[in-house]
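# Analysis of the macromolecular model
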Amino acid sequence: MTVAEIKKEFIKRFGGDEKDVRVFASPGRVNLIGEHIDYNGGSVLPAAITLGTTIAARPRNDRMLIMEATDLTDHVEVDMDKIDDYKDLWWGNYQAGIAKELMIDGMELVGADMLYDDTLPHGGGLSSSAAIEVATALTLTVFANEKAGKSEKVDMIKMALIGQRAERNYAGVSCGIMDQFASAMGKENCAVLVDCATLDYKHVPLDLGDCSIVITNTNKKRSLITSKYNERCDECAKALADIQTVLPEIKLLGELTTEQFEANKAAIKCDICRKRAEHVVYECYRVAKSVEALQAGDIDGFGKLLNASGDSLRDLYEVTGVELDTLVDAARSVKGCIGSRMTGAGFGGCTVSIVKNDSIDEFKETVHKLYTDKIGYEPSFYITTPGDGGREIK
Ligand code: GLA
């Protein structure tokens, strides 16, 4: 929906006057490289995309959040004075989680009527939850600041951290900061290089020449993802503890150089944990090399690094599965595909591919056919450019 359409729809559902309705937006993300690195303290290179969550909202005079979505029939009422009652909401729990985390930080929240318009596939691995979290945090913070007479600019990194806390405390996923950071801090035509240990970041211009980013969705229904994700976090923590017996100065796996890893990997007792650590260490190296390649305009070199990352996620980190592997193999069989790999947590969700513009039709046809023949249902495609992070749309 356009901003004008969302405002109209808001008035249809909540009544009142359009001039009192404000609009806030926050995008999803595609991670280009640096996968399963954020919770290990290395650097990641995601880009915000132009799909995401838009909220039309108006403050209320009470402490209620009244929420609806353009694509759902749900009508959710959250009383912020009973905020712990809403953890099990099917839709609305992320928003309740955000309200709770903001209140823990001492913010005096005001109620709001809010209409959500989501253009991301729900649970498709493009950070639909981070988009909802960051957009909600921004809306509630702006309203609270205005009520308190504060005119300061909203600290978007803080919004990302609030979003991460809501995800951890409400959804129970021990996630890193990447998704919320990209959603909050993305910039048009740029990727965001984030050091997840310090949150230092820089925007890296993404000039892909005659190529585009093509996202392909497995459309697989993801189940077990939370438990498998948390299992990988535990395996990395074990690998780190073993490494610290020989290198006590290392605080995070992402700090290990490839040389340090090779010289000390025997200290990691379990084979599986050693494989997970090997992925992390070499993936961090690939992120650094990717930034160099992009800055030098070496798109082919960048594509090779994407492929190597994908192979490592399949063989060492083991977070792919037949659907993602089929998509990646099909993508790489197309001549104009420069690189392709899974993106996000894995176990389903999406792949990211860099494809020559004049091969995009062939790419879609080939991947659609090979995937549907093998998996039995269709993939979806999104051709996207990097977009801006969380903001109010005036
Ligand atoms: C999910 C998490 C992120 C990150 C990725 C894997 O998207 O939310 O924090 O760990 O998986 O890179």
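Look above for the structure.
Residues numbered from 1 in each chain as written. Predicted model: local features only at pLDDT ≥ 70, side-chain atom pairs only at ≥ 80, totals over all residues. Heavy atoms only, no water.

Glancing now at the overall build of the chain. Of the regular secondary structure elements, the chain holds 11 helices and 12 strands. A compact globule built from 394 residues would reach a C-alpha radius of gyration of about 21 Å, and the chain, at 21 Å, matches this within 12%. C-alpha extents for the chain along the principal axes are approximately 65 × 50 × 40 Å. For the chain, contacts bridging at least 24 residues in sequence account for 70% of all contacts bridging at least 6. Of the roughly 16,300 Å² of accessible surface on the chain, 49% is carried by carbon and sulfur atoms. (Helix = DSSP H or I, 4+ residues; strand = E, 2+ residues; numbered from the N terminus. Rg over C-alpha atoms; globule rule 2.2 N^0.38 Å. Contact = heavy atoms within 4.5 Å. Areas by Shrake-Rupley, 256 points an atom, 1.4 Å probe, with all protein chains shown as cover.)

Attention shifts here to the sheet that holds strand β9 (residues 337-343). Ordered in space as β9-β10-β8-β11, the 4 strands form an open sheet in which the pairing is antiparallel. At either end of the open sheet lies a strand with only one pairing partner, and these are β9 and β11 (380-384). Strand-to-strand, the axes of this sheet are offset by a mean angle of 25°, without reference to chain direction. For strand β8 (residues 211-217) and β11, the ladder comprises 5 bridges, and the chain directions are antiparallel. In the strand pairing of β11, Thr216 is matched with Phe381. Sitting on the sheet, helix α10 (residues 322-332) touches β8, β9 and β10 (350-356), and the angle it makes with β9 is about 170°. Most of the contacts of helix α11 (residues 360-375) go to β11, to which it runs at about 155°, and overall it touches β8, β9, β10 and β11. (Pairing = 2+ DSSP bridges. Axes fitted to C-alpha atoms, helices over the stretch in contact; angles between N-to-C directions.)

On to the site of the ligand, then. Surrounding the ligand, one finds Arg29, Glu35, His36, Asp38, Tyr39, Cys175, Gly176, Met178, Asp179, Tyr229, Gly344 and Ala345. Spatially, the ligand is embedded in the largest pocket. Within the shell around the ligand, the residues separate by chemical class into 5 nonpolar, 3 polar and 4 charged. (Near = heavy atom within 4 Å. 1 Å grid on protein atoms, 1.4 Å probe; cavity = no way out; pocket = protein on both sides within 12 Å on 5 of 7 lines; lining within 4 Å. Sits in = over half its atoms within 2 Å of the grid points. Nonpolar A, V, L, I, M, F, W, Y, C, P; charged D, E, K, R; others polar.)

Moving on to empty space enclosed by the protein. All told, the structure shown has 1 cavity of 30 Å³ or more when counted by the stated rule. Listing elements by their share of the lining of the largest cavity, those giving two or more residues are β2 (43-59) and α3 (128-147). Per-class residue counts for the lining of the largest cavity are 2 nonpolar, 5 polar and 1 charged. (Points joined across faces, edges and corners; volume = space filled by probe spheres on them.)

Attention now moves to α11. What sets the pattern is the α-helix's 3.6 residues per turn: residues three or four places apart point alike. Relative to the 22 Å expected for 16 residues at 1.5 Å per residue, α11 spans 22 Å between its end C-alpha atoms, a close match to the ideal helical length. Here α11 has its buried residues at Ile360, Phe363, Val367, Tyr371 and Ile375. Around the axis of α11, the buried residues are gathered within 50° of arc, so they sit on the same side. Across from the buried face of α11, at angles greater than 90 degrees, the exposed residues are Asp361, Glu365 and Asp373. Turning to α11, the residues buried within the fold contact β8, α10, β9, β10 and β11. Gly376 occupies a position one or two residues after α11 and carries a positive phi of about 95°. (Expected span 1.5 Å × (residues − 1). Buried < 20%, exposed > 50% of the residue type's maximum accessible area, 1.4 Å probe, protein only. Arc of directions from axis to C-beta.)

Running from amino to carboxyl end, helix α6 (residues 225-246) crosses helix α8 (residues 271-295) at an angle of 90°, the nearest separation of the two axes being 8 Å. One element, α6, and the other, α8, form an angle in the roughly perpendicular class. Within the contact between the two elements, α6 uses Arg232, Glu235, Cys236, Lys238 and Ala239 and α8 uses Ile272, Cys273, Arg276, Ala277 and Val280. (Parallel < 35°, antiparallel > 145°, perpendicular 65-115°, else oblique.)

The computed volume of the largest pocket comes to approximately 960 Å³. As for the largest pocket, its lining consists of 35 residues, and the residues nearest its centre are Tyr94, Gly123, Ser129, Glu167 and Arg222. Mapped by element, the contributors of at least two residues to the lining of the largest pocket are α2 (93-104), α3, α4 (156-171), α5 (178-185) and α6. Taken as a whole, the second largest pocket encloses approximately 350 Å³ of empty space. Leu138, Val142, Lys153, Val154 and Glu392 are, among the 18 residues lining the second largest pocket, the residues nearest its centre. At the level of secondary structure, the elements contributing two or more residues to the lining of the second largest pocket comprise β1 (22-33), α3, α5 and β12 (391-393).

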